Amino acid sequence: MIDALVRGVQLRKIFESGLVSKRRIVAVEGVDIEIKSGETLALVGESGSGKSTLGRLLLLLEKPTSGEVYFDGKNLTEMKPKDVRIIRQKMQLIPQHPEGSLDPRWKIYDSIAEPLRIHRLTGRNEEREVVYRLIDTVGLQEEHLSRHPHELSGGELQRAVIARAIALNPKFIVCDEPTSMLDVSVQASIIKLLMELQQKLELSYLFITHDLEVANAVAHRMAVMYAGQIVEEGRRILDEPLHPYTRMLVESLNTNTASTEFGRDVGAEKVEKTGCKFYHLCPERTKKCLKSPEMIRVNGRKVKCHLYQ
Ligand SMILES: Nc1ncnc2c1ncn2[C@@H]1O[C@H](COP(=O)(O)OP(=O)(O)OP(=O)(O)O)[C@@H](O)[C@H]1O
Ligand SMILES: [Mg+2]
């Protein structure tokens, strides 16, 4: 078996907010996850389920409350910050809001060149060559380089963000809803670009989206997140969903209701502590479900539900 490139073990993230009465939000709760070399794992789930937090934990942009992150077999959570910084070149984020990740005062050229400068990877002449190669790879033209972010369209901006993300030859990229802010016609071209880059640069992706059709199109494997936990994981999940929550997601797709029309942002803090997180909405709940189910294997799939235990 090929070893995972990225692995999260029993990851947990608790946010504390509020100055006076501290509110604890369990954003990610006991997640095991792995992404193999060259693989796209799509992570789906409704707003607030913890997808971005999980992505940021794997990149160590967020420090886990407990649990471990491995990259290429090395435990990042035990590493010195200096060594993590070197490994972080190999792990990048493409965020949901491209405009937030490029400095509005800078020309696109400088934004793309910045990671090369920070890590002192190239001299000035070579830098130019690398930047030109990068924009060619992502389908931008020379004229874009002298513009500022507000002078680019959404799609061009996202291409610039992608150029910057691949500047340091990463192996793993968390794509956090990379197309959700774009027009449908542009979405398809960005997804196509990401898939071409995956082949060309042998990239692994954690592809976060709440669009199940996008997930189906890009993913080798899919993980479904609900209230801080992965409740189902495997191939071709949408063809035959096992978990009652995944079934509900798929039904909402077939009946054309957006998943948010379940009418709630599942605040991770509100759900029960000891039972199944989906208990209060599950049409198939029994007494057993007051105890949290284990993640078990069913037909090459993993599912966290008492129906299968
Ligand atoms: N920095 C933070 N401080 C406090 N709470 C946070 C922080 N980041 C996230 N949360 C909370 O953690 C939970 C999970 O948030 P997260 O952004 O990971 O969800 P998500 O699945 O990415 O949602 P969306 O689809 O809307 O992007 C939410 O309840 C959110 O309010
Ligand atoms: Mg998010």
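The preceding data block contains the structure.
This structure is a prediction, so every number in the text was calculated from the model and none was measured.

A. Representation of the packing of aromatic side chains within the structure. Taken as a whole, this structure holds 3 aromatic pairs when the rule is applied. With centroids separated by 4.5 Å and ring planes inclined at 50 degrees, the aromatic side chains of Y226 and Y245 adopt a geometry described as tilted. Note that Y226 is positioned in strand β9 (residues 221-226) and Y245 in helix α9 (residues 244-254), a separation of 19 residues in sequence. Taking the relative accessible area as the measure of exposure, Y245 reaches 1% and is therefore buried. Arranged with centres 5.4 Å apart and planes meeting at 70 degrees, the rings of Y245 and F278 form a pair that is edge-to-face. With Y245 in helix α9 and F278 in the loop between α9 and β11 (296-298), this residue pair connects regions lying 33 residues apart in the sequence. Residue class for F278 comes out buried when judged on its relative accessible area of 1%.

B. Structural detail: the environment of H243. Residue placement: H243 occurs in the loop between β10 (229-234) and α9. With 35 residues separating them in the primary sequence, H243 and I208 have C-alpha atoms 19 Å apart. What H243 contacts, discounting residues up to four positions off in sequence, is V231, E232, F278, V303, K304, C305 and Y308. A distance of 3.1 Å separates the side chain of H243 from the backbone oxygen of K304, its partner in a polar contact.

C. The arrangement of the site of ligand 1 in detail. Near ligand 1, the surroundings consist of 13 residues, among which S47, G48, K51, S52 and T53 are the closest. Here an oxygen atom of ligand 1 and a backbone polar atom of S49 are 3.2 Å apart. Here an oxygen atom of ligand 1 sits 2.9 Å away from a polar atom, N or O, in the side chain of S52. A total of 640 Å² of accessible area belongs to ligand 1 in isolation, and the protein chains cover 66% of it.

D. Just the sheet that holds strand β3 (residues 40-44), in detail. With mixed pairing, the 8 strands of this open sheet are ordered in space as β6-β7-β8-β3-β9-β10-β12-β11. The open sheet is flanked by β6 (91-94) and β11, the only strands paired with a single partner. Averaged over all pairs of adjacent strands, the angle between their axes in this sheet comes to 20 degrees, without regard to strand direction. Summarising the sheet, β3 and strand β8 (residues 204-208) pair through 4 bridges and their orientation is parallel. Of the residues in β8, the one forming a bridge with T40 is Y205. Strands β3, β6, β7 (172-176), β8, β9 and β10 of the sheet are contacted by helix α1 (residues 51-58), whose axis makes an angle of about 155 degrees with β8. In the packing of helix α7 (residues 184-201) onto the sheet, the strands contacted are β3, β6, β7 and β8, and the crossing angle to β8 comes to about 160 degrees.

E. Broad picture of unusual backbone geometry. In this structure, R236 is a non-glycine residue whose phi angle is positive, near 45 degrees. By secondary structure assignment, the location of R236 is in the loop between β10 and α9. Taking the relative accessible area as the measure of exposure, R236 reaches 62% and is therefore exposed. Even without being a glycine, N299 presents a positive backbone phi close to 45 degrees.

F. Just the pairing of β8, in detail. In terms of residue burial, β8 counts as a mostly covered element, since 5 of its 5 residues are buried. Side chains S204, L206 and I208 project from β8 onto one buried face, and the interleaved Y205 and F207 project onto a second face that is buried too. Relative to β8, β7 runs parallel, the two being bridged by 5 bridges. The residue of β8 that forms the bridge with F172 is S204. Regarding the hand of the β-α-β motif, the stretch spanning β7, α7 and β8 is right-handed.

G. Main features of the packing of helix α4 (residues 108-118) against helix α5 (residues 124-138). It is the contact of α4 with α5, at a shortest axis distance of 10 Å, that shows an interaxial angle of 120 degrees. Relative to α5, the element α4 is oriented oblique. The two elements α4 and α5 meet at a crossing, and its hand is right-handed. Here α4 contributes Y109, I112, A113, L116 and R117 to the contact with α5, which in turn contributes R124, E127, R128, V130, V131, L134 and I135. When grouped by side-chain class, the residues that make up the contact of α4 with α5 number 8 nonpolar, no polar and 4 charged.

Conventions we followed
- Residues numbered from 1 in each chain as written.
- Chains lettered and ligands numbered in written order.
- Predicted model: local features only at pLDDT ≥ 70, side-chain atom pairs only at ≥ 80, totals over all residues.
- Heavy atoms only, no water.
- Phe/Tyr/Trp six-rings, centres within 6.5 Å; stacked < 30°, edge-to-face > 60°.
- Helix = DSSP H or I, 4+ residues; strand = E, 2+ residues; numbered from the N terminus.
- Buried < 20%, exposed > 50% of the residue type's maximum accessible area, 1.4 Å probe, protein only.
- Contact = heavy atoms within 4.5 Å.
- Polar contact = N/O pair within 3.5 Å; in protein donor to acceptor, adjacent residues only side chain to side chain.
- Near = heavy atom within 4 Å.
- Areas by Shrake-Rupley, 256 points an atom, 1.4 Å probe, with all protein chains shown as cover.
- Pairing = 2+ DSSP bridges.
- Axes fitted to C-alpha atoms, helices over the stretch in contact; angles between N-to-C directions.
- Right-handed = clockwise from strand over helix to strand, strands pointing away.
- Parallel < 35°, antiparallel > 145°, perpendicular 65-115°, else oblique.
- Left-handed = near helix turned anticlockwise from the far one by under 90°.
- Nonpolar A, V, L, I, M, F, W, Y, C, P; charged D, E, K, R; others polar.

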